[in-house]
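Structural characterization, general
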Amino acid sequence: MDFTFTEEQLAAAEAARGVFAGVAPDAVPSPAMTTGAVAESFDRELWDRLAGADLLSLLLGEEYGGAGLDAIALCLVLRESAKVLARVPLLEHSAALAAVQTYGAAELRDRLAARAGRGELVLTVAASGRTGHDPAELAVTARRDDDGWVLDGVQTAVPWVYDAGLVVVPARTETDRSVLALVAPGGEGVEAGVAVAGQVSTSGERLGELRLESARVAGRDVVAAEGAWEWLRELLATGTCALALGVGERVLRMTAEYTGKREQFGYPIATFQAVAVQAADRYIDLRAMEATLWQAAWRIASGAAGALPAAGDVAVAKIWAAEGVRRVVQTAQHLHGGFGADTEYALHRYHAWAKQIELALGGAGVYEEALGDLLAAHPLG
């Protein structure tokens, strides 16, 4: 394997570091100290800076004002965003926009791509299903009606739904196919039957339960191409792995800095064997998370064939990301002692984000089952 990044990919990561350099992870109230959401909206100022740096249009083609980059570049940027707990819908927006460009009709691309690439239109994805544990595409049904579609069902824990102009909703048709419907949660372009109920994430962000009852969506706002939802789901899962890696790397750095300064018996506790071994184990977790992430991102970006479909590499990456980031933050809390729970210190925020990321789009068990099914369907050797 050669995970050498291209100059363009490295430039995207460098631009992201510049944009995120001044972001404070504790810029909003602590989720441990609030009963509701930590803020009503995402960080709009940061969103505008991302748009100004052309980081919202990374995956768009040049004809829409984008850089024409790939999933690897997006994951490099997401990794940097997670290190500072950037409160923006960068993953959902970018993935939805990429799906529209890849699978949407020309009219839909022309209508949405450039606006979304400039950040003027915010996109998100309803990918958690009815309960957060069932397949998202089975939570909503879609049936044809004249020149449009009618949607019925519920999607829970939709991120940034109160800020989005359009929500990409996977739905199942009567012929057992998946389509992607672009639903306006505020009612624009939708006759009736759309409602949002407030929810709050583990990290303190405002989510929403999207309820669809005979909601009519114009045919031009539905992506019916084969494989569109599966591709979008894999990109979202891989992006979540990039977020987990960024959180984990920042937490391990915080732990190294703390244990290098905290002394017991006249020595920094980092010099104690028990501390060093635990930190080394977590470093190994991060390197495994990194290797599996780039393998999955490369499969999505290149479309290269493998012993298993790309979903297999995504499953392996998500298993490592979910379990790895949990172990990293737990070890960090242990090595920080009581200081790790101090609400004036940022570690507890990273812990909350890690728990949210661990279970986002399904925990490790979900992907272990999916990987088992893939291995059964595609015997190796």
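Use the structure listed above.
Definitions and limits used
Residues numbered from 1 in each chain as written. Predicted model: local features only at pLDDT ≥ 70, side-chain atom pairs only at ≥ 80, totals over all residues. Heavy atoms only, no water. Buried < 20%, exposed > 50% of the residue type's maximum accessible area, 1.4 Å probe, protein only. Helix = DSSP H or I, 4+ residues; strand = E, 2+ residues; numbered from the N terminus. Pairing = 2+ DSSP bridges. Contact = heavy atoms within 4.5 Å. Core = buried A, V, L, I, M, F, W, Y, C linked by side-chain atoms within 4.5 Å. Expected span 1.5 Å × (residues − 1). Arc of directions from axis to C-beta. Axes fitted to C-alpha atoms, helices over the stretch in contact; angles between N-to-C directions. Parallel < 35°, antiparallel > 145°, perpendicular 65-115°, else oblique. Left-handed = near helix turned anticlockwise from the far one by under 90°. Nonpolar A, V, L, I, M, F, W, Y, C, P; charged D, E, K, R; others polar.

1. Section: the pairing of strand E5 (residues 178-183)
For E5, the buried fraction is high: 6 of the 6 residues fall into the buried class. Side chains of E5 alternate between two faces, with Ser-178, Leu-180 and Leu-182 and Val-179, Ala-181 and Val-183 buried alike. Across 6 bridges, strand E4 (residues 166-173) lies against E5 in antiparallel orientation. Looking across to E5, one finds that Ala-171 is bridged to Val-179. As paired strands, E5 and strand E8 (residues 222-223) are joined by 2 bridges and run antiparallel to one another. Paired with Leu-180 across the strands is Val-223, a residue of E8.

2. Side note on the environment of Ala-136
Tracing the backbone shows Ala-136 in the loop between strand E1 (123-125) and strand E2 (140-145). Residue class for Ala-136 comes out buried when judged on its relative accessible area of 4%. For Ala-136 and Arg-287, which are 151 residues apart along the polypeptide, the C-alpha to C-alpha distance reads 30 Å. Discounting chain neighbours no more than four positions away, the residues touching Ala-136 are Ala-126, Ala-127, Ser-128, Gly-129, Gln-155, Pro-170 and Trp-229.

3. Some thoughts on the nonpolar core
Core analysis: the largest hydrophobic core is formed by 121 residues, its most contacted members being Phe-20, Leu-151, Leu-232 and Val-247. Per-element accounting of this core gives the leading share, 16 residues, to helix H6 (residues 228-261). Setting aside residues up to four positions removed in sequence, Leu-232 forms contacts with Ala-95, Ala-96, Ala-99, Val-125, Val-168 and Leu-180.

4. Some thoughts on unusual backbone geometry
One non-glycine residue, Asp-146, lies in the positive phi region at around 55°. Owing to a relative accessible area of 71%, Asp-146 belongs among the exposed residues under this scheme. If you check the backbone angles, Ala-157 has positive phi at about 50° while not being a glycine. Of note, Ala-157 is situated in strand E3 (residues 148-159).

5. As for the environment of Glu-249
If you trace the backbone, Glu-249 turns up in helix H6. Of the residues examined, Glu-249 reaches a relative accessible area of 15% and is grouped as buried. Spatially, the C-alpha atom of Glu-249 lies 8.4 Å from that of Tyr-283, the residues being 34 residues apart in sequence. If we ignore the near neighbours within four places in the chain, the residues touching Glu-249 are Arg-79, Lys-83, Leu-286 and Arg-287.

6. Quick word on helix H5 (residues 106-117)
With 12 residues, H5 should cover 16 Å at 1.5 Å per step; its first-to-last C-alpha distance of 16 Å lies within 8% of that length. Residues of H5 that are buried include every one of Leu-108, Leu-112, Ala-113, Ala-116 and Gly-117, and no others. One side of H5 holds all its buried residues, which, seen down the axis, span an arc of 115°. Those residues of H5 hidden inside the fold are in contact with helix H4 (90-103), E1, E4, E5 and E8. Gly-119 sits one or two residues past H5 and shows a positive phi near 80°.

7. Brief notes about the packing of H4 against H6
Interhelical geometry of H4 versus H6 gives an angle of 150° and a closest axis separation of 10 Å. Between H4 and H6, the interaxial angle falls into the category roughly antiparallel. In the crossing of H4 with H6, the sense of the turn from one axis to the other is right-handed. Contacts between H4 and H6 involve Leu-91, Glu-92, Ala-95, Ala-96, Ala-98, Ala-99, Thr-102 and Tyr-103 on the former and, on the latter, Ala-228, Trp-231, Leu-232, Leu-235, Leu-236, Gly-239, Thr-240 and Leu-243. In terms of residue class, the contact of H4 with H6 is made up of 12 nonpolar, 3 polar and 1 charged.

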